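One-letter residues, chain by chain:
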Amino acid sequence: MNREILDINDCTILLEEASTDKTLVDSCFFDEPVIAIAFYGSGDVGLTVKYNEKTKTFHHTKGMVLSFYADDKVEFQHHVSELKPLQCLVIATTLKSLDKLPNGEGLFLEQFLSQLVHPKDSYVEGPVFNMTPEMFLLVEQFFSNTYDGGIKMMFYKSHMTALLAHYFGQLANQQTIKTDTAQLEKINLAQNILLSDLENPPSLTELAQRIGTNTNKLKKEFKAQFGVPVFKYLQNERLKKAYNLIKNEQKSIQEAAWAVGYDSLGSFSNAFEKKFGYRPSQV
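Note that the coordinates shown come from a computational prediction; the quantities given were computed from them, not determined experimentally. (Residues numbered from 1 in each chain as written. Predicted model: local features only at pLDDT ≥ 70, side-chain atom pairs only at ≥ 80, totals over all residues. Heavy atoms only, no water.)

### Here we look at the pattern of salt bridges
Moving on, step 1. Going through the model one piece at a time under the given rule, you end up with 10 salt bridges.
Moving on, step 2. For K240, the salt bridge goes to D44, with nearest N and O atoms at 3.7 Å. Here D44 lies in the loop between strand 4 (34-40) and strand 5 (46-51) and K240 lies in helix 8 (residues 230-248), a separation of 196 residues in the sequence. Each member of the pair, K240 together with D44, is buried.
Moving on, step 3. The salt bridge involving E273 is made with R279; its shortest N-O contact spans 2.7 Å.
Moving on, step 4. Exposure remark for E273: the relative accessible area of 33% places this residue in the partly exposed category.
Moving on, step 5. Relative accessible area serves as the criterion here: at 27%, R279 is assigned to the partly exposed category. (Salt bridge = Lys/Arg side-chain N within 4 Å of Asp/Glu carboxyl O. Helix = DSSP H or I, 4+ residues; strand = E, 2+ residues; numbered from the N terminus. Buried < 20%, exposed > 50% of the residue type's maximum accessible area, 1.4 Å probe, protein only.)

Right, dumping it as structure tokens:
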């Protein structure tokens with residue numbers, strides 16, 4: 001686990017990075033109540049938020065932006081594994097520091113995230129969405145930075161300002177395009193249906209019927225939510241499961257292929273190599 005904490009302009013930047021060949025749970029608490037925005041980079045770690053006997057879980061975090069208010073009673077658990085490393089950047093500030101933020105961030109927080117500025121629980125969640133390519137690149141640059149001393153702080157300060165500008169710009173755009181929460185629930189249901197039966201998934205038409213929508217909406221909304229088409233997502237999840245079966249459960253290549261719905265070992269090996277860069281026999 002690599003963890004770096006920097007204080008810049010009444011904000012705190014927390015950089016967390018971890019990888020493992022096993023499975024581990026890393027817990028994190030804040031010492032005082034904060035308003036924070038978490039940007040999840042190239043890792044795809046699982047996240048569980050626990051507060052007041054409540055639990056909120058995120059299974060796929062790659063590219064996710066999560067804003068929240070949290071007091072010192074809230075526990076954040078990152079579930080790190082070989083296939084799900086951690087790469088997370090958090091920008092946090094306290095309620096008492098809002099008026100001191102130098103670039104108008106306090107005003108934007110009040111305008112776009114008033115539920116966090118005036119919390120009614122130990123944990124209050126703001127908008128959750130996927131990063132734009134520009135935001136993703138900025139986050140990656142935080143973790144690949146090689147500067148030291150004052151130049152490093154200048155680099156972090158400028159990139160933090162740029163990242164927050166993109167973030168608030170996205171919130172401004174979303175004000176004119178209201179999220180269809182009912183449709184979002186349907187898309188999450190579609191994801192659960194696919195994950196529950198990787199070997200024999202429904203067709204696109206069947207999946208749309210089961211969640212109560214049409215195929216065009218399913219394809220459009222699913223890609224908007226998860227960044228890839230339905231069956232590309234399905235293929236990725238199949239291959240990740242197959243990798244785990246071969247690596248951690250000592251299944252044969254044929255057993256792993258069958259378990260995730262591949263009848264042809266050739267097709268399975270080619271898809272596996274395309275995703276991971278090496279043949280399943282090399283695992």
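### Topic: the sheet that holds strand 6 (residues 54-58)
Strand pairing in a sheet is mediated by backbone hydrogen bonds. Such pairs are either parallel or antiparallel.
Moving on, step 1. With respect to topology, four strands assemble into an open sheet ordered 3-8-5-6, the strand pairing being antiparallel. For this open sheet the edge positions go to strand 3 (23-28) and strand 6, each flanked by a neighbour on one side alone. Within this sheet the neighbouring strands show an average axis-to-axis angle of 20°, counted without direction.
Moving on, step 2. One ladder, built from six bridges, connects strand 3 with strand 8 (residues 75-81); its direction is antiparallel. Its bridge partner lying in strand 8, T23 is registered against S81. (Pairing = 2+ DSSP bridges. Axes fitted to C-alpha atoms, helices over the stretch in contact; angles between N-to-C directions.)

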